[in-house]
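Topology and contacts: notes
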Amino acid sequence: MIRLSQIAAIAGFALALGAADAQVLTEKNISMQMAMTAFQGAVAECKKSGSNDITVAIVDRAGQVALLARANNASPHNLELARRKAYTARTFRQATSTWMERTALDAVDDKGKAIDLNGQRYLENTIAEKGGMPIIWHGDAIGGVGVTGSKGGGEADEACAKAGVAAIANQLL
């Protein structure tokens, strides 16, 4: 049987823990200027290969869109594809090409052992396509870049996304 004094002691302990943990959180995130610079880097890289009908999405640390734009002649569905590539790269902290390989039905780890991560592909907002890169700051994923619609498909999309991250690399030191 629990006594009133025990209940009071437990409640006091819980309150003390809550007060000790109550603090303002500070989180690193991409700024609008960083998003714009990453966007410009991705667009510049795609233009080198003659890809003018691209769509680029930049998401922040929460996976929310910070910047999303498509070229005049880009397919309307590319807005969603680019956003999902950026989101997938950010939330899984890796290139979407890597995530795509690791979540394939026949995926194996570094030792050749089968791994079963295919169910991750069914998570909302993820997409198993090349063209997304995470933005990493001191080991913390603070955003993602997603590109779609470039000439050359997923490999070219990924090169453009990498260029977007490279454009802000000096700000991530």
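You'll find the structure just up there.
Everything quoted here is computed from the prediction, not taken from an experiment.

1. Notes on the overall build of the chain
From N to C terminus, the chain includes five helices and four strands. Taken from N to C terminus, the helices and strands of the chain fall in the order α-α-β-β-α-α-β-β-α. The C-alpha radius of gyration of the chain comes to 21 Å, more than 25% above the 16 Å expected for a compact globule of 173 residues. Taking the principal axes of the C-alpha coordinates as reference, the chain spans close to 75 × 40 × 30 Å. Taking all 173 residues of the chain together, the buried fraction comes to 40%. Taking contacts inside the chain between residues at least 6 apart in sequence as the whole, the part at least 24 apart equals 66%. Only carbon and sulfur atoms are counted for the fraction: they give 55% of the accessible area of the chain, which is about 10,100 Å². Taking the average place of the 18 positive charges on the side chains of the chain and the average place of its 17 negative ones, the gap between the two points comes to 3 Å.

2. A word on the state of the cysteines
One way to say it: the disulfide is the covalent bond shared by the sulfur atoms of two cysteines. Within the structure shown, the criterion is met by one disulfide. Between the sulfur atoms of Cys-46 and its disulfide partner Cys-160 the distance amounts to 2.1 Å. Taking the sign of the S-S torsion, about 135° here, the bridge from Cys-46 to Cys-160 comes out right-handed. With Cys-46 in helix H2 (residues 32-48) and Cys-160 in helix H5 (residues 153-167), this pair connects stretches of sequence that are 114 residues apart. There is no split in this pair, since Cys-46 and Cys-160 are both buried.

3. As for H5
Within an α-helix, residues lying three or four positions from one another point in the same direction, as the helix has 3.6 residues per turn. Taking 1.5 Å of rise per residue, the 15 residues of H5 would be expected to cover 21 Å, and the 21 Å separating its terminal C-alpha atoms lies within 8% of that figure. Taken residue by residue, H5 has Ala-156, Asp-157, Glu-158, Cys-160, Ala-161, Ala-163, Gly-164 and Val-165 as its buried positions. Residues of H5 that are buried sit in contact with H2, helix H3 (78-92), helix H4 (96-102), strand S3 (132-137) and strand S4 (140-148).

4. Looking at the sheet that holds S3
On the basis of which strands lie adjacent, the open sheet formed by four strands has the order S2-S1-S4-S3 and antiparallel pairing. Strands at the two margins of the open sheet, each flanked by one partner only, are strand S2 (65-70) and S3. The sheet shows a mean angle of 15° between the axes of neighbouring strands, direction not considered. Note that strand S1 (residues 55-60) and S2 share five bridges and pair antiparallel. Counterpart to Val-59 in the pairing with S2 is Val-65. This element, H3, spans S1, S2, S3 and S4 of the sheet and lies at about 150° to S4.

5. Here's the deal with the environment of Ser-97
Tracing the backbone shows Ser-97 in helix H4. For Ser-97, a relative accessible area of 10% corresponds to the buried category. Put simply, Ser-97 and Glu-129 are 32 residues apart on the chain and 6.5 Å apart in space, counted from C-alpha to C-alpha. The contact partners of Ser-97, leaving out residues within four places of it in the chain, are Lys-130 and Glu-158. Within the structure, Ser-97 has its side chain in polar contact with the side chain of Glu-158 (distance 2.8 Å).

6. Considerations on the environment of Val-24
Relative to the elements of secondary structure, Val-24 occurs in the loop between helix H1 (4-21) and H2. With 30 residues separating them in the primary sequence, Val-24 and Ile-54 have C-alpha atoms 40 Å apart.

7. What to know about H2
The end-to-end C-alpha distance of H2, which contains 17 residues, comes to 25 Å, matching closely the 24 Å that a straight helix rising 1.5 Å per residue would cover. Listed in full, the buried residues belonging to H2 are Met-34, Ala-35, Thr-37, Ala-38, Gly-41, Ala-42, Val-43 and Cys-46. Where H2 is buried, its residues touch S1, S2, S4 and H5.

What counts, and at which threshold
- Residues numbered from 1 in each chain as written.
- Predicted model: local features only at pLDDT ≥ 70, side-chain atom pairs only at ≥ 80, totals over all residues.
- Heavy atoms only, no water.
- Helix = DSSP H or I, 4+ residues; strand = E, 2+ residues; numbered from the N terminus.
- Rg over C-alpha atoms; globule rule 2.2 N^0.38 Å.
- Buried < 20%, exposed > 50% of the residue type's maximum accessible area, 1.4 Å probe, protein only.
- Contact = heavy atoms within 4.5 Å.
- Areas by Shrake-Rupley, 256 points an atom, 1.4 Å probe, with all protein chains shown as cover.
- Lys, Arg positive; Asp, Glu negative; His and termini not counted.
- Charge placed at Lys NZ, Arg CZ, Asp CG, Glu CD.
- Disulfide = S-S within 2.5 Å.
- Expected span 1.5 Å × (residues − 1).
- Pairing = 2+ DSSP bridges.
- Axes fitted to C-alpha atoms, helices over the stretch in contact; angles between N-to-C directions.
- Polar contact = N/O pair within 3.5 Å; in protein donor to acceptor, adjacent residues only side chain to side chain.

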